[in-house]
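Architecture and fold: a report
Here's the letter readout for the chains.
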There are 2 protein chains.
Amino acid sequence: MPAYKDLSREELEAQKKELELEFEKVKQKNLKLDMSRGKPSTEQLNLSMGMMDVLRSDSDLVCEEGVDCRNYGVLDGIRETKQLLADMMEVPKDNIVIFGNSSLNIMYDTVARSMTHGVMGSTPWMKLDKVKFLCPVPGYDRHFTITEHFGIEMVNVPMTPEGPDMDLVEKLVAEDASIKGIWCVPKYSNPQGITYSDETVHRFAWLRPAAEDFRIYWDNAYGIHHLYEDKHDYLIEILMECKKAGNPDMVYKFASTSKISFPGSGISAIAASDANLAEIRKQMKVQTIGHDKVNQLRHARFFKDISGMVQHMHKHADIMRPKFEAVLDTLERELGGLEIGSWIAPRGGYFISFDAMEGCAKAIVAKAKEAGLVMTDAGATYPYGKDPKDSNIRIAPSYPTLEELKTATEIFVLSVKLVSIEKLLEDI
Amino acid sequence: MPAYKDLSREELEAQKKELELEFEKVKQKNLKLDMSRGKPSTEQLNLSMGMMDVLRSDSDLVCEEGVDCRNYGVLDGIRETKQLLADMMEVPKDNIVIFGNSSLNIMYDTVARSMTHGVMGSTPWMKLDKVKFLCPVPGYDRHFTITEHFGIEMVNVPMTPEGPDMDLVEKLVAEDASIKGIWCVPKYSNPQGITYSDETVHRFAWLRPAAEDFRIYWDNAYGIHHLYEDKHDYLIEILMECKKAGNPDMVYKFASTSKISFPGSGISAIAASDANLAEIRKQMKVQTIGHDKVNQLRHARFFKDISGMVQHMHKHADIMRPKFEAVLDTLERELGGLEIGSWIAPRGGYFISFDAMEGCAKAIVAKAKEAGLVMTDAGATYPYGKDPKDSNIRIAPSYPTLEELKTATEIFVLSVKLVSIEKLLEDI
């Protein structure tokens, strides 16, 4: 099949008729499929069930520093869990603070604290007329929701295959002191699966922002979430790079075990410079007596060490890989050469990002829904839910079974074809 | 022994000499004792060890609403845990939202949200020149730390045996619109063990504050933490009382299982009106995908229902009661009639509050420390750590063993006597 744009009106009409018949047939099946959220599958959850037996009523629940994990005490995380998550985040264990079950919650708290107390002595952002964040797009909707919630103006920065457009980032942060942060998912990015290149990370570390309280929000959510054992993306460690560049305080790094052990019942952490962590602990001490140490201990004893965690991630990869391949195969087979959409085959993470023809994303998602397939809302990958080109759609292959996923992707490509033809017919 | 104030200088000097000898003897023992924090003892923690076996690798982790607790989903708490904590908090289960492991964290978030977003549409407190909270004193230091952290001015309100001085509370909230809240521990209060009388709760519900965004912060931390099975304090349920008074939105109620299951690994909750909870959920949705449902399920299955939880609390009471009695017996035996201090025998909670002669509390705590006994810092029960009379000392009998506690209380009364005599000698 040649590219759709090269077809005549008649050819398009004929093709449309054929696809509509196919679509009607699928609709009649009354399917209920969901490719909308990055949820691990039941099979993946089962991988961590051993965690339930690690701590028992006859277990010693005293952690390495000699504290009974069942009682109050230890504000910022027990030693063995700090070591595990520090290794996971590739930072020294003194540069990590363990929180509760959600790294999103840490990011929220970090922005909230900056609003009310500023950053290391700067003016509280609530007292400023204007605060802005840079948002590489497409990006993660929940990041954008936090900044929107606090009335922070979001400025789009286009993603490239190397990461955010660094010429633009450098220019904007250097000239505008109201820019206080940038949201980054630097490895296997949400939704594109892009890993920032060495040069991009280097340029991040060497930023010279006008605002002294500018911080890089480095959400390394998929740091060890590879799809292949032999083909990994590598990401330069940002804390060390910032330190080398004389910018040790410029970055907050976030991560969690949500997609390693159990989403919602995992462990999260922030890594940052000593000065940043001192400020974070100061707030933390007001906010809580401490997070769930029993669960911290459960994680440390289950994974034992980073090597154990890496082995565990291979099992996740074995489940995820065929799903990603199924989606990518169908996209390639059904849409390859039609020039009505593009995508990237990622080597890790939780998503495949699809770029439809301009002005088609919303219609495609609506079309898929007609046939019982729920996709992430079109626009969700952009601040304020507004994709200026109405083009990007996030595909989340993790949760459905392989069978469901094949059907879901068939519906998706059918929807893409139909909406694209309609668009082309309009424009002829 | 007659009251110290009726002794002559010579009698006081003689008494002092004797006590000093005794004190030197104790000092020589190089003891290390701690009556400073309301931590459950190891024996109490052991009561909940069965919780470790409730969920196992072969358990079904699906909750009542059919959700797999191991995955994302269910923002505000699973049904069975809502029911359990709603019963514990004596509110309908629709008026409760479950959070993470710390009710202090909920209180912090509640104040933080009011700072940045106001309360149900009111001006964010950060945008106001002055925000004040009423603080019944003596009270809980961690409450005061939260308001201090946000630059909220704290106004002392004296406690009476019935609760806070309601004449003063009514007057202040009616005339000063900058008063936005009041911190309350209404049952077995921290540190006095006072339960607010029916009339006090009624008057709270009928407050007519000048500020529409005034809220009662009702920290019912010790709602079921009785010392006796047959002698309970009873507290009128504040949500219903506020509803009856036409003030349904005026109260936030907080509680947790920290001193029921495991401190730091329990479950916390907020109870409030539909309108308040709608606002809370709106924020919560930005802050997190959800709290730890596995731990929620663990609690629900371990306690089964409120009756199971009440039975469990009897076991705590059996451990706590002799400790409280040991302290109270020693206070009575050693200080009774001396008129150098007063205290209340509580029927629940975690503390005994001791009021020394004016100007003696700091010196007593320092004296006790000389002999190896750590007490809560004098002043900690007041905002800004400033007890205007330097009189109140909080005694926390829960953590030490009964033996340790007896020795600790001996050191304490010895310190009280010595410091009081020195004070009296100064004033003669």
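This is a predicted model, so every value here is computed, not measured.

Focus on the overall build of chain A
Regarding its fold elements, chain A presents 13 helices and 13 strands. Whereas a compact globule of 428 residues would reach a radius of gyration of roughly 22 Å, chain A reaches 23 Å, a difference of no more than 12%. Dimensions of chain A, computed from the C-alpha atoms along their principal axes, are close to 75 × 55 × 35 Å. Here chain A holds 428 residues, and the buried ones make up 53% of them. Taking the contacts inside chain A whose residues are at least 6 apart along the sequence as the reference set, 76% of them involve residues at least 24 apart.

Quick look at the sheet that holds strand β10 (residues 341-343) of chain B
Hydrogen bonds between backbone atoms are what pair the strands of a sheet, whose relative direction is either parallel or antiparallel. All names here are of chain B. Pairing is antiparallel across the open sheet formed by 3 strands, whose spatial order is β10-β11-β13. Bordering the open sheet on either side are β10 and β13 (392-395), each of which pairs with just one other strand. On average, adjacent strands in this sheet sit at an angle of 25 degrees to one another, irrespective of strand direction. Here strand β11 (residues 352-356) pairs with β13 via 4 bridges, running antiparallel. Residue S353 lies in a different strand from β13, and its bridge partner there is R394.

Quick word on the pairing of strand β7 (residues 215-219) of chain A
Residue and element names in this part refer to chain A. Extensive coverage of β7 is indicated by the burial of 5 of its 5 residues. Every second residue of β7 is oriented toward a common face, with R215, Y217 and D219 on one face and I216 and W218 on the other, all of them buried. As paired elements, strand β6 (residues 179-184) and β7 share 4 bridges and run parallel to each other. Opposite G181, over in β7, you have R215 as the bridge partner. Note that β7 and strand β8 (residues 251-256) share 4 bridges and pair parallel. Looking across to β8, one finds that Y217 is bridged to Y252. For the crossover from β7 across helix α8 (residues 238-244) to β8, the handedness is right-handed.

Section: the domain arrangement of chain A
Residues and elements named next belong to chain A. Taken domain by domain, chain A consists of domain 1 (4-44 + 310-427) and domain 2 (70-304). On a C-alpha basis, the centroid separation for the pair domain 1 and domain 2 is 30 Å. In this assembly, 26 residues from domain 1 lie in contact with 29 residues from domain 2. Going through the elements one at a time, α11 (306-335), β11 (352-356) and β13 (392-395) are the ones with two or more residues in the side of domain 1 that touches domain 2. Of the residues forming the side of domain 1 that touches domain 2, the biggest block, 8 residues, is contributed by α11.

Describing the interface of chain B and chain A
Taken together, the contact pairs 44 residues of chain B with 44 residues of chain A. For the side of chain B that touches chain A, the elements supplying multiple residues, two or more each, are α2 (42-46), α4 (103-117), α5 (141-149), α9 (274-287) and α10 (293-303) of chain B. With 6 residues, the single largest contributor to the side of chain B that touches chain A is α4(B).

Describing the packing of α11(A) against helix α13 (residues 402-427) of chain A
Residues and elements named next belong to chain A. Following both chains from N to C, one finds α11 and α13 inclined at 30 degrees, their axes separated by 9 Å at the closest point. Accordingly, the angle class assigned to the pair α11 and α13 is roughly parallel. Classified by chirality, the crossing of α13 by α11 is right-handed. For the pair α11 and α13, contact is made by P322, K323, A326, V327, T330, L331, E334 and L335 and by L402, L405, K406, T409, E410, V413 and V416, respectively. Grouping the amino acids of the contact of α11 with α13 by side-chain chemistry returns 9 nonpolar, 2 polar and 4 charged.

Looking at the environment of A:L373
Residues and elements named next belong to chain A. Inspection of the secondary structure puts L373 in strand β12 (residues 373-375). With 340 residues separating them along the chain, L373 and L33 place their C-alpha atoms 4.6 Å apart. Filtering out sequence-adjacent residues up to four positions away, L373 remains in contact with L31, L33, M35, A368, A408, I411 and F412.

Topic: the relation of the copies chain B and chain A
Relating one copy of the chain to the other requires a rotation about an axis plus a shift along that axis. Least-squares fitting of chain B to chain A yields an RMSD of 0.0 Å, with the transformation described by 0.0 Å of translation along the axis and a rotation of 180 degrees. In the structure described here, the two chain copies are related by an operation that fits a two-fold rotation axis.

Focus: the sheet that holds strand β10 (residues 341-343) of chain A
All names here are of chain A. The strand order across the open sheet built from 3 strands is β10-β11-β13, with neighbouring strands paired in antiparallel fashion. Either end of the sheet is taken by a strand with one partner, and the two such strands are β10 and β13. Taken over all neighbouring pairs, the strand axes of this sheet differ in orientation by 25 degrees on average, direction set aside. Where β10 meets β11, 3 bridges bridge the pair, whose relative direction is antiparallel. The partner of W343 across the bridge, within β11, is F354.

Brief notes about unusual backbone geometry
Glycine aside, residues mostly have negative phi, and peptide bonds are mostly found in the trans state. Cis peptide bonds are those with omega within 30 degrees of zero, and the linkage from A:V137 to A:P138 qualifies with -5 degrees. When you line up the elements, A:P138 lands in the loop between β3 (132-137) and α5 (141-149). A cis amide bond, omega 5 degrees, links A:N190 with the succeeding residue A:P191. Positive phi values are uncommon outside glycine, yet B:V74 reaches one of about 65 degrees. Along the polypeptide, B:V74 turns up in the loop between α2 and α3 (79-89).

Quick look at helix α3 (residues 79-89) of chain A
All names here are of chain A. For α3, the tally of buried residues reaches 8 of 11 residues, placing the bulk of the element in the interior. Within α3, the full set of buried residues consists of E80, T81, K82, L84, L85, A86, M88 and M89. In this structure, the buried residues of α3 make contact with β2 (96-98), β8, β9 (268-271), α10 (293-303) and α11. Downstream of α3 by a residue or two, E90 has a phi angle that is positive, lying close to 60 degrees.

Quick notes on the confidence of the model for chain A
Considering every residue of chain A, the mean pLDDT works out to 97; 100% of them sit at 70 or more. With pTM at 0.97, the complex prediction returns an ipTM value of 0.96.

A look at helix α7 (residues 198-205) of chain A
Within the sequence span of α7(A), burial applies to A:T200, A:V201, A:R203, A:F204 and A:A205. For α7(A), the secondary structure elements touched by its buried residues are β5 (163-164), α6 (166-175), β7 and α8 of chain A.

Points about the pairing of β6(A)
Residue and element names in this part refer to chain A. When you tally the buried positions in β6, you get 6 out of 6 residues, the bulk of the element. In the sheet, β3 pairs with β6 via 3 bridges, with the strands oriented parallel. What sits directly across from L134, in β6, is I182. Regarding topology, α7 serves as the crossover connection from β6 to the parallel β7, and that connection is right-handed.

A word on the packing of helix α4 (residues 103-117) of chain A against α4(B)
Interhelical geometry of α4(A) versus α4(B) gives an angle of 60 degrees and a closest axis separation of 10 Å. It follows that α4(A) is oblique to α4(B) by the angle criterion. By crossing handedness, the relation of α4(A) to α4(B) is classed as left-handed. Two secondary-structure elements touch here, α4(A) through A:A112, A:M115 and A:T116 and α4(B) through B:A112, B:M115 and B:T116. Residue classes in the contact of α4(A) with α4(B) are distributed as 4 nonpolar, 2 polar and no charged.

With respect to the environment of A:S189
Looking at the secondary structure, you find A:S189 in the loop between β6 and α7. Using a count of 28 C-beta atoms within 10 Å as the deciding quantity, one classes A:S189 as buried.

The rules we used
Residues numbered from 1 in each chain as written. Chains lettered and ligands numbered in written order. Predicted model: local features only at pLDDT ≥ 70, side-chain atom pairs only at ≥ 80, totals over all residues. Helix = DSSP H or I, 4+ residues; strand = E, 2+ residues; numbered from the N terminus. Rg over C-alpha atoms; globule rule 2.2 N^0.38 Å. Buried ≥ 20, exposed ≤ 12 C-beta atoms within 10 Å, placed from the backbone. Contact = placed C-beta atoms within 7 Å. Pairing = 2+ DSSP bridges. Axes fitted to C-alpha atoms, helices over the stretch in contact; angles between N-to-C directions. Right-handed = clockwise from strand over helix to strand, strands pointing away. Domains from an automatic or database assignment. Parallel < 35°, antiparallel > 145°, perpendicular 65-115°, else oblique. Left-handed = near helix turned anticlockwise from the far one by under 90°. Nonpolar A, V, L, I, M, F, W, Y, C, P; charged D, E, K, R; others polar. Least-squares fit on C-alpha atoms with pLDDT ≥ 70 in both. pLDDT = per-residue confidence, 0-100.

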